[in-house]
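# Coordinates in review
Residues per chain are reported as follows:
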Amino acid sequence: MGVPVIRARKNLKIHPIKQLKKDFFFNTDFIPEGWSDELFLKVYSFRPMIEQGNSYNNTFYNAFRMNTRGREAAIRNRSLIYILELLKALTSYKLGRPDLIMVPTAFENSRNLKFK
């Protein structure tokens, strides 16, 4: 089971809230036992990088509709997207084209291509 690493509002009344640093409030129910505040903040610092890596997946691969398909289908579809991205990254590396890594249109067929 995953740990929801999201910030909380400071004015919540029914949830236990803790301020881990200035203006960073978190629900303590979701901080695993044994984790220090520093460790939790370090895990939280990775969130923007992960969201940035997934941002174009929602539009390019039509992944924004996954929440209506059920948990198993969402896990399967997101896994296929990650596998596809890994294969694109490996292909880019092997071709000596690191500029194509994390480019959603790299190695995609296009109906607009005209072969002579």
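What you see is a predicted model; the values in this text were computed from it and never measured.

Definitions and cut-offs
Residues numbered from 1 in each chain as written. Predicted model: local features only at pLDDT ≥ 70, side-chain atom pairs only at ≥ 80, totals over all residues. Heavy atoms only, no water. Core = buried A, V, L, I, M, F, W, Y, C linked by side-chain atoms within 4.5 Å. Buried < 20%, exposed > 50% of the residue type's maximum accessible area, 1.4 Å probe, protein only. Helix = DSSP H or I, 4+ residues; strand = E, 2+ residues; numbered from the N terminus. Contact = heavy atoms within 4.5 Å. Salt bridge = Lys/Arg side-chain N within 4 Å of Asp/Glu carboxyl O. Patch = residues over 30% accessible without salt bridge, like charges linked within 9 Å, V, L, I, M, F, W, Y side chains within 5 Å. Areas by Shrake-Rupley, 256 points an atom, 1.4 Å probe, with all protein chains shown as cover. Phe/Tyr/Trp six-rings, centres within 6.5 Å; stacked < 30°, edge-to-face > 60°. Lys NZ or Arg CZ within 6 Å of the ring centre and 35° of its normal. Pairing = 2+ DSSP bridges.

Of all hydrophobic cores here, the largest spans eight residues; its members are Val 5, Leu 20, Phe 24, Phe 26, Ile 31, Phe 40, Leu 41 and Tyr 44. For this core, the secondary-structure elements that each account for two or more residues are strand 2 (24-27) and helix 1 (37-45). Per-element accounting of this core gives the leading share, three residues, to helix 1. Once residues within four sequence positions are removed from consideration, Leu 20 is found in contact with Phe 26, Ile 31, Asp 37, Phe 40 and Leu 41.

This structure, assessed with the given rule, holds three salt bridges. A salt bridge links Asp 37 to Lys 18; the shortest N-O distance between them is 3.2 Å. A residue pair is termed long-range when its members are at least 10 positions apart, and Asp 37 in helix 1 and Lys 18 in strand 1 (residues 17-21) qualify at 19 residues. As a salt-bridge pair, Lys 22 and Asp 23 come within 4.0 Å of each other at their nearest N and O atoms.

A word on a nonpolar patch on the surface. Among the surface-exposed residues, Leu 80, Ile 83, Leu 86, Leu 87 and Leu 90 lie close enough to one another that they form a single nonpolar patch of about 470 Å² accessible area. Looking at the secondary structure, you find Leu 86 in helix 3 (residues 71-94). On the basis of relative accessibility, which here comes to 51%, the residue Leu 86 falls in the exposed class.

So, about the packing of aromatic side chains. Considering all chains together, one arrives at four aromatic pairs under this definition. Pairing Phe 26 with Phe 40 gives two aromatic rings, centres 5.1 Å apart and planes at 85°, and the pair type is edge-to-face. With a gap of 14 residues between them, Phe 26 in strand 2 and Phe 40 in helix 1 connect regions that are remote in the sequence. On the numbers, 6.2 Å between centres and 55° between planes, the contact of Trp 35 with Phe 40 is tilted. The exposure class assigned to Trp 35 is partly exposed, which follows from its relative accessible area of 31%. Taken together, the ring pairs connect Phe 24, Phe 26, Trp 35, Phe 40 and Tyr 44 into an aromatic cluster. Sitting above the plane of the Phe 24 ring, Arg 7 keeps its charged end 4.0 Å from the centroid. Against the face of Phe 24 rests Lys 21, its NZ or CZ located 4.5 Å from the ring centre.

Okay, the pairing of strand 2 next. Alternating residues of strand 2 divide into Phe 24 and Phe 26 and Phe 25 and Asn 27, and every residue in both groups is buried. Direction of pairing for strand 1 relative to strand 2: antiparallel, over a ladder of four bridges. If you follow Gln 19 over to strand 2, its bridge partner there is Phe 25. In this structure, the hairpin formed by strand 1 and strand 2 is closed by a connection of two residues, where Asp 23 is found at a positive phi of approximately 65°.

Purely geometric stuff here, so don't read any function into it on its own.
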